[in-house]
Amino acid sequence: MKNKLIDLNNHLFAQLERLSDEDLTPEQIENEVKRTEAVVSVSQQIVQNADLALKAAKLVAEHGAFVGKYLPMIEARSE
């Protein structure tokens, strides 16, 4: 899997477009709102995880690689 934060951005805008569809029935709107709530919930976790990884990278950049041994291991993916 090669998801990136830009993919999350695209998913969020796609969901916004679905919510903006003026041809939706009330039932379809209700379903889209439920889907939106789920997407937002997962999105928040992804953003929090990315923020934590960024904070760890800043910590290493500011204090040197030796602090890395105190951080939880996150597997790096090769691109």
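Scroll up a little and you will see the structure.
Residues numbered from 1 in each chain as written. Predicted model: local features only at pLDDT ≥ 70, side-chain atom pairs only at ≥ 80, totals over all residues. Heavy atoms only, no water.

### Examining the environment of Ser41
- When you line up the elements, Ser41 lands in helix α2 (residues 26-63).
- With 16 residues separating them along the chain, Ser41 and Ala57 place their C-alpha atoms 25 Å apart. (Helix = DSSP H or I, 4+ residues; strand = E, 2+ residues; numbered from the N terminus.)

### With respect to the pattern of salt bridges
- Evaluated as defined, the whole model comprises four salt bridges.
- Between Arg18 and Glu32 there is a salt bridge; the shortest N-O distance is 3.5 Å. Linking Arg18 in helix α1 (residues 5-19) with Glu32 in helix α2, this pair joins segments that are 14 residues apart in sequence.
- For Arg18, a relative accessible area of 34% translates into the label partly exposed. (Salt bridge = Lys/Arg side-chain N within 4 Å of Asp/Glu carboxyl O. Buried < 20%, exposed > 50% of the residue type's maximum accessible area, 1.4 Å probe, protein only.)

### Observations regarding a nonpolar patch on the surface
- There is a patch of nonpolar side chains on the surface, built from Leu5, Val42 and Ile46 and spanning about 260 Å² of accessible area.
- Note on placement: Ile46 falls in helix α2. (Patch = residues over 30% accessible without salt bridge, like charges linked within 9 Å, V, L, I, M, F, W, Y side chains within 5 Å. Areas by Shrake-Rupley, 256 points an atom, 1.4 Å probe, with all protein chains shown as cover.)

### Comments concerning the side chain of Ser43
- Here Ser43 lies in helix α2.
- For Ser43, a relative accessible area of 7% translates into the label buried.
- Sequence-distant contacts of Ser43, that is, excluding residues within four places in its chain, are made with Leu8 and Leu12. (Contact = heavy atoms within 4.5 Å.)

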